[in-house]
Amino acid sequence: MEELQDQWVQPVKGTITDYFGTRNGHHKGIDIAAPEGESIISVAAGTVSKSYYSSTYGHVVFIQHPEGFETVYAHLSERTVNEGDTVSKGQQIGVIGNTGVSTGTHLHFELHEGTWTYEKEHALDPVFVFEDTSMQNENKLHHGTDKMDIQTKKLKPNNELEKSEELHTLNNKSIKTITVSKNDTLWGLSKEYKVPIASLKKWNHLNGSTIYPSQKLIISPAEEESYVVKAGDTLYSIADSFQTSTDKIKSTNELQGETIYPDQVLIIKE
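Because the structure is predicted, anything quoted here is derived from the model rather than measured.

What follows is about the overall build of the protein. Each helix and strand counted, the protein has five helices and 17 strands in total. In the protein, the proportion of contacts linking residues at least 24 apart, taken out of those at least 6 apart, comes to 57%. Of the roughly 13800 Å² of accessible surface on the protein, a fraction of 47% belongs to carbon and sulfur atoms.

A few words on the sheet that holds strand 9 (residues 92-95). Strand order across the open sheet formed by three strands is 3-9-7, with antiparallel pairing between neighbours. Where the open sheet ends on each side, the last strands, each with one partner, are strand 3 (39-41) and strand 7 (78-79). Where strand 3 and strand 9 come together, three bridges link them in antiparallel fashion. Within the sheet, the bridge partner assigned to Ser39 lies in strand 9 and is Val95.

Within the largest apolar cluster, 27 residues are counted, with the highest numbers of intra-cluster contacts made by Ile40, Val61, Ile63, Tyr73, Ile93 and Leu107. Sorting the residues of this core by element identifies strand 2 (30-33), strand 5 (58-65), strand 6 (69-76), strand 10 (106-113) and strand 11 (123-124) as the ones contributing at least two each. Counting residues in each nonpolar core, the second largest holds eleven residues, with Leu186, Leu189, Tyr193 and Ile219 among its members.

This paragraph deals with the pairing of strand 10. Extensive coverage of strand 10 is indicated by the burial of eight of its eight residues. Residues His106, His108, Glu110 and His112 line one face of strand 10 and the alternating positions Leu107, Phe109, Leu111 and Glu113 line the opposite face, and both faces are buried. Two elements, strand 2 and strand 10, share four bridges in a ladder whose sense is antiparallel. Within strand 10, the position partnered with Ala33 by the bridge is His106. As judged from the two bridges shared by strand 10 and strand 11, these two strands associate in the antiparallel manner. Across the sheet, residue Leu111 finds its bridge partner in strand 11, namely Leu124.

This paragraph deals with helix 2 (residues 186-193). Among all positions in helix 2, only Leu186, Leu189, Ser190 and Tyr193 are buried. Each buried residue of helix 2 lies within a common arc of 105° when the element is viewed along its axis, so the set occupies one face. Backbone geometry just downstream of helix 2 places Lys194 in the positive-phi region, at approximately 55°.

Turning our eyes to something else, we now look at the pairing of strand 6. Summarising burial for strand 6: eight of the eight residues are buried, a large majority. The pairing of strand 5 with strand 6 spans six bridges and is classified as antiparallel. Note on strand 6: the bridge partner recorded for Gln64 is Glu70.

What follows is about unusual backbone geometry. Of note, the phi angle at His75 is positive, near 70°, even though the residue is not glycine. In this structure, Asn183 takes a positive phi of about 80° despite not being glycine. With respect to the helices, strands and loops of the structure, Asn183 is situated in the loop between strand 14 (173-179) and helix 2.

A few words on the packing of aromatic side chains. The relative placement of two aromatic rings is captured by the distance of their centres and the angle of their planes. Applying the stated criterion across every chain, the model contains six aromatic pairs. Consider the rings of Trp8 and Phe69, whose centres lie 6.1 Å apart with planes at 90°: the pair is edge-to-face. Taken together, the residues span a long stretch of sequence, with Trp8 in the segment before strand 1 (15-18) and Phe69 in strand 6 at a distance of 61 residues. With a relative accessible area of 0%, Trp8 lands in the buried category. Above the plane of the ring of Phe62 lies Lys50, whose end atom (NZ or CZ) is 4.7 Å from the centre.

Thresholds, definitions, all that
Residues numbered from 1 in each chain as written. Predicted model: local features only at pLDDT ≥ 70, side-chain atom pairs only at ≥ 80, totals over all residues. Heavy atoms only, no water. Helix = DSSP H or I, 4+ residues; strand = E, 2+ residues; numbered from the N terminus. Contact = heavy atoms within 4.5 Å. Areas by Shrake-Rupley, 256 points an atom, 1.4 Å probe, with all protein chains shown as cover. Pairing = 2+ DSSP bridges. Core = buried A, V, L, I, M, F, W, Y, C linked by side-chain atoms within 4.5 Å. Buried < 20%, exposed > 50% of the residue type's maximum accessible area, 1.4 Å probe, protein only. Arc of directions from axis to C-beta. Phe/Tyr/Trp six-rings, centres within 6.5 Å; stacked < 30°, edge-to-face > 60°. Lys NZ or Arg CZ within 6 Å of the ring centre and 35° of its normal.

As far as function goes, none of this settles anything; it's purely spatial.
Laid out in structure tokens, this is it:
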């Protein structure tokens, strides 16, 4: 199968005003602002799986694509296709609007692996599957990646969302990012990449421990010395080995008590 970015077109010519993964990971699509009356087109050939009015999405169209994906076009002022219709790539399916829970004329566009679900656990960042690279470049500028060299796996359909890794070089420093998979946790990623939870939270500006499928996380070597807890270790023995204090270890790693666990990764500061 050819790569999706060699097949798909963007649904409307406009400006991206909100990106995938914003709002603490809850925004599972992109918002594209365009003038009133602009046509919304199908990004690829497929079959209309839903076409209705939603209290949140407003006028919305869902399209199933033979590659194994479903796309969503929301806040339309008008729908021009019905459930069960077959559509071609570039065919008009509606008109941009401001219906449902919306604060201005725009298209909210989503891409899902398999089919859309209420939890949106298989939502993917749609920007990088469009033929027109202008949206890709705009997305890179938004995320600061115009200053980075990036090696990344291309999007392919899978039965289950897989973690993909990206390697960035910024100011001669290697920074690795991953895409969160279903069932990932900060604790599990900390063990897998030998990175303290506190560092993951700091690098990714996380206020809590909740992460979401398709969320991008920085997985970067810790600037401080790190230590992987072994069976039989205590905070006191670790502090003594590194000639530091238990209070400093607890503060640095945001520990609430004295309990630590084998395979836990700790930042150690002198």
